[in-house]
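# Examination of the molecular architecture
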Amino acid sequence: LIPTLVDTEKFKMDIEKRTTIRKELGISENIVIGLVGGFNNDYNRPSLEYLHNNLNDFDKKIKFLVIGRTSSQRINSRIIYAGYVEDYVGYLSALAALLVYRTVPTDGAINRFVEAMAMGIPVFANLVASRSMDYATHGKDYYICYDEGIPKMVNSVMKRNKVIQVGENGRQVAEKYYSEKNYKQKILEFIKIC
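These numbers were taken from a predicted model, which means no experiment stands behind them. (Residues numbered from 1 in each chain as written. Predicted model: local features only at pLDDT ≥ 70, side-chain atom pairs only at ≥ 80, totals over all residues. Heavy atoms only, no water.)

## Considering the pattern of salt bridges
Keep this limit in mind: Any Lys or Arg side-chain nitrogen located within 4 Å of an Asp or Glu carboxyl oxygen qualifies as a salt bridge. Put simply, DSSP H or I for four residues or longer makes a helix, DSSP E for two residues or longer makes a strand, and each gets a number counted from the N terminus. For every residue, the accessible area obtained with a 1.4 Å probe (protein chains only) is divided by the maximum for its type, and the residue is called buried under 20%, exposed over 50%, and partly exposed between those limits.
Using the criterion set out here, one finds 5 salt bridges in the structure. Of the charged contacts in the structure, one is a salt bridge between D59 and K159, with a shortest N-O distance of 3.8 Å. Taken together, the residues D59 in the loop between α2 (45–54) and β2 (62–67) and K159 in helix α5 (residues 150–160) connect sequence positions 100 residues apart. Judged by relative accessible area, which is 65%, K159 ranks as exposed. In this structure, R171 engages E175 in a salt bridge whose closest nitrogen and oxygen atoms are separated by 3.0 Å. Here the residue R171 and the residue E175 both occupy positions in helix α6 (residues 163–178), the gap between them amounting to 4 residues, near one helical turn.

What follows is the structure, given as structure tokens:
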């Protein structure tokens with residue numbers, strides 16, 4: 001009945017934290033795309049492997065922020081490993097976009113989508129990861145692509161700076177279909193009927 005929900009009051013872009021965390025991580029005006037794990041399991045590990053295997057296909061101006069525990073850190077000036085973070089919303093605020101990549105359909109992918117969308121952060125995903133997104137539209141609310149086309153799509157969209165409107169659209173989808181407040185109201189209405 002409830003695919004996932006997000007506290008849209010908590011998951012909001014925080015410009016002050018964005019500035020602070022980017023400064024702490026040594027990120028200037030670079031485009032920063034996030035991956036969220038932990039990456040020590042069979043569901044999330046492929047997304048980090050995908051990044052490592054395709055890094056050179058992404059525009060050189062793009063950096064990646066890997067949020068979550070991982071035992072496989074390959075040294076590269078374009079990948080920043082944050083590890084486990086206490087201030088998850090703050091670290092999401094540091095992103096320009098989020099990459100959600102899966103090889104096996106899981107419920108975890110929709111959580112990543114909805115958290116980022118609630119914050120107005122555009123989401124790029126492969127087809128497997130996007131299977132559970134029923135209320136969002138490709139190109140309007142988020143971006144999906146075949147695995148091999150993701151870097152080209154990311155490069156093209158980020159260069160055109162089209163992501164701002166997509167982020168705003170994603171926020172509206174999160175508020176309308178996945179907000180905790182919305183579900184609480186629906187549950188209360190359902191209980192009254194019963």
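What follows continues from the structure just given.
## Points about the packing of aromatic side chains
As a reminder of what qualifies: Note on aromatic pairs: the rings of Phe, Tyr and Trp (six-membered ring only in Trp) are paired at centre separations within 6.5 Å, and the planes decide the class, stacked below 30 degrees, edge-to-face beyond 60, tilted for the rest.
All told, the structure shown has 7 aromatic pairs when counted by the stated rule. Between F58 and F64, the aromatic rings sit 4.9 Å apart at their centres with planes inclined by 70 degrees, giving edge-to-face as the arrangement. The same class applies to F58 as to F64, namely buried. Ring geometry for F113 and Y142: centres 5.3 Å apart, planes at 85 degrees, overall edge-to-face. Placement of F113 in helix α4 (residues 108–118) and of Y142 in the loop between β5 (123–126) and β6 (143–145) is noted, with a sequence separation of 29 residues between them. Comparing F113 with Y142 shows no difference in burial state: the two are buried. Among the aromatic residues, ring-to-ring pairing joins Y135, Y177 and Y178 into one connected group.

## Considerations on the sheet that holds strand β1 (residues 31–36)
Inclusion rule: When DSSP finds two or more bridges between two strands, those strands count as paired. Comment: axis = line fitted to C-alpha atoms, over the contacting stretch for helices; angle = value between 0 and 180 degrees taken between N-to-C directions.
Strand order in this open sheet of 6 strands is β3-β2-β1-β4-β5-β6, and the pairing throughout is parallel. Single-partner strands in this sheet number two, and they are β3 (79–83) and β6. Adjacent strand axes in the sheet meet at a mean angle of 25 degrees, parallel and antiparallel pairs treated alike. Pairing of β2 with β3, which is carried by 4 bridges, proceeds in the parallel orientation. Counted as the bridge partner of V66 is Y81 from β3.

## Description of the nonpolar core
Note the following rule: For the purposes of this section, nonpolar cores are sets of buried Ala, Val, Leu, Ile, Met, Phe, Trp, Tyr and Cys residues that join through side-chain atoms within 4.5 Å. The contact criterion used is simple: two residues touch if any of their non-hydrogen atoms lie within 4.5 Å.
Counting residues in each nonpolar core, the largest one holds 35 residues, and the members touching the most others are L92, V100, F113, M117 and M133. Among the elements that line this core, the one with the most residues is α4, at 7 residues. Residue contacts for F113: discarding those within four places in its chain leaves V100, V123, A125, A129, S130, M133 and Y142.

## Some thoughts on the pairing of strand β4 (residues 97–100)
Residues A97 and L99 of β4 are buried on one face, and the alternating residues L98 and V100, pointing to the opposite face, are buried as well. In the sheet, β1 pairs with β4 via 2 bridges, with the strands oriented parallel. If you follow I33 over to β4, its bridge partner there is A97. Sheet analysis places β4 next to β5, joined by 3 bridges and oriented parallel. Across the sheet, L99 pairs through a bridge with F124, a residue of β5.

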